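Each chain, letter by letter, is given below.
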Amino acid sequence: GENVEQHPSTLSVQEGDSAVIKCTYSDSASNYFPWYKQELGKGPQLIIDIRSNVGEKKDQRIAVTLNKTAKHFSLHITETQPEDSAVYFCAASKDTNAGKSTFGDGTTLTVKP
Amino acid sequence: EPEVTQTPSHQVTQMGQEVILRCVPISNHLYFYWYRQILGQKVEFLVSFYNNEISEKSEIFDDQFSVERPDGSNFTLKIRSTKLEDSAMYFCASSRAANTGELFFGEGSRLTVL
């Protein structure tokens, strides 16, 4: 089955700096890669996703890159703000059944004011 | 904005007892899911449900677990005889279609088995 590894497990940055979280996956058939933000006591919320026919996608301060050959994808947050502090999860799935996602272990991001 | 709602937010039960966790998915969604998150660990897929039947399940989803859509709005997860290791946060999610990708998660039900 699919295995997703995520690094780092914790990340602390100063407000305004950039944050990068990296994930690798094992199943070359995976073609849908969402990123979720989970705030304390809440469920994961999709913040951005990318499909394997695209190398990069950007939405305001958030961008995701995908390297299919190397089987890794990354989340980039620029101009971080304290409200970006949360746990971020990457995931991988096949879009024929995108709901069955394999999640990474999560990264706890702390943005210090 | 429509959202997935889950009840109860927290349930404490004795080992061996049956537990039912309830979810109301977003009304025009067709695919429903249960995920589990043990404290401090990753979110794990349990089961997907479409057209009144299970479409896929993980190895975690053994005979102790069952899901049901008893009416047009609720989607339930039943654990028949709870074990200590069932203690976790259980998240319900829904999506419009299987291949659009975006899952909408509820806020979760925390289950504590004593």
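What comes next is a walk through the structure. (Residues numbered from 1 in each chain as written. Chains lettered and ligands numbered in written order. Predicted model: local features only at pLDDT ≥ 70, side-chain atom pairs only at ≥ 80, totals over all residues. Heavy atoms only, no water.)

Glancing now at the pattern of salt bridges. Within this structure, the stated rule accounts for eight salt bridges over all chains. Notably, a salt bridge pairs B:Lys42 with A:Asp105, separated by 3.4 Å at the nearest N-O pair. Separated into two different chains, B:Lys42 in the loop between strand 4 (31-37) and strand 5 (43-50) and A:Asp105 in the loop between strand 10 (102-103) and strand 11 (107-112) make up a pair that spans both. The partner of B:Glu44 in a salt bridge is B:Arg36, and the shortest N-O contact between them spans 3.3 Å. (Salt bridge = Lys/Arg side-chain N within 4 Å of Asp/Glu carboxyl O. Helix = DSSP H or I, 4+ residues; strand = E, 2+ residues; numbered from the N terminus.)

A covalent bond between the sulfur atoms of two cysteines is referred to as a disulfide. All names here are of chain A. One pass over the structure, following the stated rule, counts two disulfides over all chains. Linked covalently through their sulfurs, cysteine 23 and cysteine 90 form a disulfide whose S-S length is 1.9 Å. Linking cysteine 23 and cysteine 90, the disulfide has an S-S dihedral of approximately -100 degrees and is accordingly described as left-handed. Residue cysteine 23 is located in strand 3 (residues 19-25), and its partner cysteine 90 is located in strand 9 (residues 86-92); the two are separated by 67 residues in the primary sequence. Its relative accessible area of 1% is what places cysteine 23 among the buried residues. In this structure cysteine 90 comes out as buried when scored by relative accessible area, which is 0%. (Disulfide = S-S within 2.5 Å. Buried < 20%, exposed > 50% of the residue type's maximum accessible area, 1.4 Å probe, protein only.)

In terms of backbone geometry, most residues other than glycine have negative phi values and most peptide bonds are trans. In this chain, A:His7 is followed by A:Pro8 through a cis amide linkage whose omega measures -5 degrees. Within the fold, A:Pro8 resides in the loop between strand 1 (4-7) and strand 2 (10-14). B:Pro8 follows B:Thr7 through a cis peptide bond whose omega is -10 degrees. Within the secondary structure, B:Pro8 is located in the loop between strand 1 (5-7) and strand 2 (10-13). The backbone phi angle of A:Gln60 is positive, close to 55 degrees, even though this residue is not glycine. Considering the arrangement of structural elements, one finds A:Gln60 in the loop between strand 6 (56-59) and strand 7 (62-67). Although it is not a glycine, A:Lys71 adopts a positive phi angle of roughly 60 degrees.

Okay, the pairing of strand 4 (residues 32-38) of chain A next. Within a regular beta strand, the side chains point alternately toward one face of the sheet and then the other, so they alternate between its two faces. In terms of burial, strand 4 of chain A is largely enclosed, as seven of its seven residues are buried. What sits between the antiparallel neighbours strand 4 of chain A and strand 5 (residues 45-51) of chain A is a turn of six residues, in which A:Gly41 has the positive phi angle 80 degrees. (Pairing = 2+ DSSP bridges.)

Residue and element names in this part refer to chain B. Strand order across the open sheet formed by four strands is 1-3-8-7, with antiparallel pairing between neighbours. Both edges of this open sheet fall to strand 1 and strand 7 (65-68), since each of them pairs with a single strand only. Between one strand and the next, the sheet's axes are offset by a mean angle of 20 degrees, whatever the strand orientation. Judged from the four bridges that link them, strand 7 and strand 8 (residues 75-79) form a sheet pairing that is antiparallel. Across the sheet, residue phenylalanine 65 finds its bridge partner in strand 8, namely isoleucine 79. (Axes fitted to C-alpha atoms, helices over the stretch in contact; angles between N-to-C directions.)

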